[in-house]
Amino acid sequence: MNRNLILQKYIEKPLLFNNRKFDLRVFVLLDHLLNLYMFEEGHLKTSTEDYNIQSKELFIHITNYSLQKKNPNFQKFEKGNEVSFKDFQLL
């Protein structure tokens, strides 16, 4: 029997940026010879609301741009809810 399985673990105590969840966006290229190239500049995608593990509010837990742009607080803290690696290091 062939089975597909997805395992997922929600991180209850994530690393936060200004009390909000974020994810890292890094661009890589894998060529046909399996050489891996990583673009030096990437960015953080931030949520629009402060993190609260008890809340069921999607804007707190999911950093997806398509979802976040529907929140009235979108871009309140960062343009496009993005922070470059360079700006992140300056904070």
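Below or above, wherever it landed, is the structure these notes cover. (Residues numbered from 1 in each chain as written. Predicted model: local features only at pLDDT ≥ 70, side-chain atom pairs only at ≥ 80, totals over all residues. Heavy atoms only, no water.)

1. Side note on the sheet that holds strand 4 (residues 43-46)
One open sheet holds the three strands; their spatial order is 1-4-5, and the pairing between them is antiparallel. Each of the sheet's edge strands pairs with one partner strand only, and the pair in question is strand 1 (22-25) and strand 5 (82-84). On average, each strand axis in the sheet is tilted by 25° relative to the strand beside it, whichever way the strands run. Note that strand 1 and strand 4 share four bridges and pair antiparallel. Residue pairing in the sheet places Arg-25 in a bridge with His-43 of strand 4. (Pairing = 2+ DSSP bridges. Helix = DSSP H or I, 4+ residues; strand = E, 2+ residues; numbered from the N terminus. Axes fitted to C-alpha atoms, helices over the stretch in contact; angles between N-to-C directions.)

2. Observations regarding the side chain of His-43
By the secondary structure assignment, His-43 is in strand 4. His-43 sits in the buried class, given a relative accessible area of 13%. (Buried < 20%, exposed > 50% of the residue type's maximum accessible area, 1.4 Å probe, protein only.)

3. Quick notes on the nonpolar core
Judged by nonpolar contacts, Phe-17, Phe-22, Leu-44, Val-83 and Phe-85 together constitute the single largest core of five residues. Each residue touching Val-83, except ones within four places of it in the same chain, is listed here: Phe-17, His-43, Leu-44, Thr-46, Glu-78 and Phe-88. (Core = buried A, V, L, I, M, F, W, Y, C linked by side-chain atoms within 4.5 Å. Contact = heavy atoms within 4.5 Å.)

4. So, the pairing of strand 4
Along strand 4, one buried face is formed by His-43 and Lys-45 and the opposite face, lined by Leu-44 and Thr-46, is buried too. In the sheet, strand 4 pairs with strand 5 via three bridges, with the strands oriented antiparallel. Looking at strand 5, one finds that His-43 is bridged to Ser-84.

5. Thoughts on the packing of aromatic side chains
Enumeration according to the criterion identifies three aromatic pairs in this entry. Between Phe-22 and Phe-88 the ring centres are 6.3 Å apart and the planes differ by 45°, which places this aromatic pair in the tilted class. Here Phe-22 is found in strand 1, whereas its partner Phe-88 is found in helix 3 (residues 85-90), with 66 residues between them in sequence. For Phe-22, a relative accessible area of 17% corresponds to the buried category. Ring centres of Tyr-65 and Phe-74 lie 5.4 Å apart, and the angle between their planes is 80°; on these two criteria the pair is classed as edge-to-face. An aromatic cluster of at least three residues, connected via ring pairs, comprises Phe-17, Phe-22 and Phe-88. (Phe/Tyr/Trp six-rings, centres within 6.5 Å; stacked < 30°, edge-to-face > 60°.)

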